[in-house]
Amino acid sequence: MESFTKLTGLAAPLDRVNADTDQIIPKQFLKRIERTGFGQFLFFDWRYEADGTTPNPEFELNQSQYAGAVVLITGKNFGCGSSREHAPWALADYGFKAILAPSYADIFYNNCFKNGILPVVLPEETITMLLERGKTAGYTMTVDLENQTVSDNQGFSQPFEVDAFRRHCLLNGLDDIGLTLQHEPDITAYESKRPLWKRGAVAA
Amino acid sequence: MPKTMFEKIWEAHVVRETVGQPSLLYIDLHLVHEVTSPQAFEGLRLTGRKVRRPDLTVATMDHNVPTTSRSLPILDQISKKQMEALSDNCKEFGVTLYDIHSKRQGIVHVIGPELGLTQPGLAIVCGDSHTSTHGAFGALAFGIGTSEVEHVLATQCLPQSLPKTMEIRVNGKLGEGVTAKDIILAIIGKIGTDGATGYVVEYTGEAIRALSMEGRMTICNMSIEAGARAGLIAPDEKTFAYIQGKTFAPQHAEWDEAVATWKQLPSDPGAKYDTLVELDASEIAPYVSWGTSPGMVIPITGLVPSPGDYADPADRRAAERALEYMGLDAGVSIQSVALDTVFIGSCTNGRIEDLRAAAGILKGQHVRAGLRALVVPGSVPVKLQAEAEGLDVIFKDAGFDWREAGCSMCLGMNPDILQPGERCASTSNRNFEGRQGKGGRTHLVSPQMAAAASIAGHLVDVREWDKK
């Protein structure tokens, strides 16, 4: 798994609440069987006009000042809806490695950590302020997982909370399947105690 | 100490606990479909890992499949490739697959219960957010991402942090013409699309107990639309009766043993939840969504809200955007809204009872001229059962397209999509922008409401429709 320690770079505001995974990566792009190459389809229906090729000038991220942004600032309940991990794949492939929002949908939040993206939870009023600051050209932020702080180039600095174990795994880029497999004896012991009628797809 | 059903199921699945780390949970059933699994199987290949328990893993094809005749070739080559990838992966890793030619094929959340795979007390996962459906049987069932699909394939376990618990108690009795779909839309309208984020919900109360298993599945299915990790309903005699005799249900002495275990599952009297939400079923009208988030709902008797009704500036902007996208004016009666399409199907409302309810309204009637209407059964067995009951004839006589099983227009990954600006009354679960096709406008409703709307050509109150 990809690690995340500290990131400094351009921040872009997406001032919308409940941005769902259907918007982050529309369904027509879920047919690929690879993990890569989804960035070109990020926010596709918002990003492009009806022809699917002309950039929509109204869409925030299409403004030239946000080209190369690595931090996304956005509204509450980001990533709600479908469990598609294509959403964090698309965000990461586009270049976003950190997200700042007041809240996230559970599955999306989980999926971010599996893909080297740090989703930071900040109070609503802080996000409102950052969304405003993000309108300034060249607005740069630093997200530091080691010290659990978010700061910007205008003097803002604030600590954030993150689950200690998730932090540990992300800092070290740990393969969590590998971690679980270390407990193979426990899994086998558990399996030996499962009742026989829990057969799954094997008829009795 | 009294325990909730969730706590009992959780504790029974802990393989290992380490201080400061998530618990390692054992997974009893892993359901797999073509869209969220290819990268997981590829991950196994790259690391040289195997599927630990192919016997506890079941795959089907649902999201991409065309719903026109199965004898026709699949025209979408990328969809075809994804379905072929699932076939190849299941063959390589020894996983049971019900492909598009199988008599057991269908939407993964419809076939699990239908095959008796879904049972009380199990921990069930699937790379699909609507896995919460299976909670209707008193199972702990939740959606996972593709990395977690790979994790479960490789280890049959999943590290999970303990969620909080919420009781949603629906007291009283539902009125005539009001359904499980209306209950869950009313709940989401009340608590919001993030109202249950971080929680596992248990639905309780007289109105829940009175629901059929199909109705309970509709409720649990949309738990995710309220942000919940999972939704559960305590098993009872209805649950046992539904499961008994199904293909993979326990039999003989094992059945008795299983039922005895299942009877221990319901929450103990006095068990504590972190939060309680209460609703009165008798106050719930048929609901319909007006906007682009499942929390944007109103009773069918209501008016389209105004952005000014929202206190939070962010919600106000979201309402403005939704009105614009939906092509609606604030303050108009939702019943005045004309429709282009009606879709009956999905893992929310694509079961036999849903089709019976819709057919009950449509019998001897015809859809409004110019309106496109389609019924997509949730599974092949649902389709065959409906045909045995003659429901297909009622639908076809009414002017509906009678299709093969799949997810279809719920998410429009197959050719069933809305065109830009088209408006659809849909029995599915998400009214997100573009969900049913780019620029398409979705109004979520119950099967009865969808059927009545197809005849009228606009949204109507099915309670009054019945009397006409």
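The following refers to the structure shown. (Residues numbered from 1 in each chain as written. Chains lettered and ligands numbered in written order. Predicted model: local features only at pLDDT ≥ 70, side-chain atom pairs only at ≥ 80, totals over all residues. Heavy atoms only, no water.)

At the interface, 81 residues of chain B touch 64 residues of chain A. With both sides pooled, the region where chain B packs onto chain A buries about 5900 Å², and carbon together with sulfur makes up 52% of that total. Across the chain B-chain A interface, the total number found is 14 salt bridges. When the shortest N-O distance is used, the salt bridge between Asp312 of chain B and Lys76 of chain A registers 3.7 Å. Joining chain B to chain A, the criterion identifies 38 residue pairs in polar contact (both at pLDDT 80 or more). Contributions of two or more residues to the side of chain B that touches chain A are made by strand E1 (14-16), strand E2 (23-26), helix H2 (38-47), helix H3 (77-93), helix H5 (146-155), strand E8 (157-160), helix H10 (252-262) and helix H11 (313-326) of chain B. Of the residues forming the side of chain B that touches chain A, the biggest block, 7 residues, is contributed by H5 of chain B. (Contact = heavy atoms within 4.5 Å. Buried area = accessible area lost by both parts, 1.4 Å probe. Salt bridge = Lys/Arg side-chain N within 4 Å of Asp/Glu carboxyl O. Polar contact = N/O pair within 3.5 Å; in protein donor to acceptor, adjacent residues only side chain to side chain. Helix = DSSP H or I, 4+ residues; strand = E, 2+ residues; numbered from the N terminus.)

All names here are of chain B. Within this structure, the stated rule accounts for 5 cavities of 30 Å³ or more. Computed from the structure, the largest cavity encloses a volume of approximately 200 Å³. What lines the largest cavity is a set of 22 residues, and nearest its centre among them are His63, Asp128, His130, Leu411 and Arg435. Counted as a void, the second largest cavity has a volume near 130 Å³. Of the residues assigned to the lining of the second largest cavity, the class counts are 7 nonpolar, 7 polar and 3 charged. (1 Å grid on protein atoms, 1.4 Å probe; cavity = no way out; pocket = protein on both sides within 12 Å on 5 of 7 lines; lining within 4 Å. Points joined across faces, edges and corners; volume = space filled by probe spheres on them. Nonpolar A, V, L, I, M, F, W, Y, C, P; charged D, E, K, R; others polar.)

On to H10 of chain B, then. Residue and element names in this part refer to chain B. The set of residues buried in H10 consists of Glu254, Trp255, Ala258, Val259 and Trp262. Buried positions in H10, seen along its axis, are confined to an arc of 135° and lie on one side of it. The outward face of H10, more than 90 degrees from its buried face, is lined by the exposed residues Ala253 and Asp256. Here the buried face of H10 lies against helix H9 (237-243). (Buried < 20%, exposed > 50% of the residue type's maximum accessible area, 1.4 Å probe, protein only. Arc of directions from axis to C-beta.)

Attention shifts here to the side chain of Lys198 of chain A. With respect to the element layout, Lys198 of chain A can be found in the segment after helix H8 (184-193). Those residues in contact with Lys198 of chain A, other than ones at most four positions away along the chain, are His13, Asp28, Leu56, Gly121 and Leu122 of chain B.

Take the nonpolar core next. Residues Phe43, Phe78, Leu91 and Leu100 of chain A together with Phe395 of chain B are the most contacted members of the largest nonpolar core, which totals 116 residues. Here Leu100 of chain A is in contact with Val71, Leu72, Ile73, Thr74, Val120, Leu122, Ile127, Leu130, Met141, Val143 and Val150 of chain A, once residues within four sequence places are set aside. Within the second largest apolar cluster, 83 residues are counted, among which are Phe41, Val152, Ile168 and Leu232 of chain B. (Core = buried A, V, L, I, M, F, W, Y, C linked by side-chain atoms within 4.5 Å.)

Residue and element names in this part refer to chain B. The sheet built from 5 strands is open, its strands ordered E5-E4-E3-E6-E7 with parallel pairing. Each edge of the open sheet is held by one strand with a lone partner, namely strand E5 (96-98) and strand E7 (140-143). Averaged over all pairs of adjacent strands, the angle between strand axes in this sheet comes to 20°, irrespective of strand direction. As paired elements, strand E4 (residues 57-60) and E5 share 3 bridges and run parallel to each other. In the strand pairing of E5, Thr60 is matched with Tyr98. (Pairing = 2+ DSSP bridges. Axes fitted to C-alpha atoms, helices over the stretch in contact; angles between N-to-C directions.)

The subject of this paragraph is the pairing of strand E16 (residues 372-376) of chain B. Residue and element names in this part refer to chain B. Within E16, 4 of the 5 residues are buried, leaving the element largely enclosed by the surrounding structure. Pairing analysis gives 2 bridges linking E16 to strand E17 (residues 401-402), with the strands arranged parallel. Along E17, the bridge assignment pairs Val375 with Trp402.

Quick look at the packing of aromatic side chains now. Under the criterion given, the structure shown has 22 aromatic pairs over all chains. With a centroid separation of 5.8 Å and 55° between ring planes, the pair formed by Phe43 of chain A and Phe59 of chain A is classed as tilted. Residue Phe43 of chain A is found in the loop between helix H1 (21-24) and helix H2 (44-47), and its partner Phe59 of chain A is found in the loop between H2 and strand E2 (71-74); the two are separated by 16 residues along the sequence. On the accessibility criterion, Phe43 of chain A (1% relative accessible area) is buried. One aromatic cluster is present, formed by Phe78, Tyr104, Phe108, Tyr109 and Phe113 of chain A through successive ring pairs. Here the guanidinium or amino end of Lys246 of chain B rests over the ring plane of Tyr242 of chain B, the centre of that ring lying 4.3 Å away. (Phe/Tyr/Trp six-rings, centres within 6.5 Å; stacked < 30°, edge-to-face > 60°. Lys NZ or Arg CZ within 6 Å of the ring centre and 35° of its normal.)

With 7 of 9 residues buried, helix H3 (residues 86-94) of chain A is to be regarded as a mostly interior element. Next to the buried residues of H3 of chain A lie H1, E2, strand E3 (98-101) and helix H4 (106-113) of chain A together with H2 and H5 of chain B. Immediately beyond the C-terminal end of H3 of chain A, within one or two residues, lies Gly95 of chain A, with a positive phi of roughly 130°.

On to the pattern of salt bridges, then. Counted by the stated rule, this structure contains 42 salt bridges over all chains. Glu60 of chain A serves as the salt-bridge partner of Arg16 of chain A, at 3.0 Å between the closest nitrogen and oxygen. Residue Arg16 of chain A is found in the loop between strand E1 (6-14) and H1, and its partner Glu60 of chain A is found in the loop between H2 and E2; the two are separated by 44 residues along the sequence. For the pair Arg16 of chain A and Glu60 of chain A, one class covers both residues: buried. Between Asp236 of chain B and Arg216 of chain B there is a salt bridge, with its nearest N and O atoms 2.8 Å apart. Separated by 20 residues along the polypeptide, Asp236 of chain B in the loop between strand E11 (230-232) and H9 and Arg216 of chain B in helix H8 (residues 213-221) bring together distant segments of the chain. Overall, Asp236 of chain B belongs to the buried group, its relative accessible area being 17%. Connected through salt bridges with shared partners, the residues Glu184 and Glu191 of chain A together with Arg52, Arg53 and Asp55 of chain B form a single ionic network.

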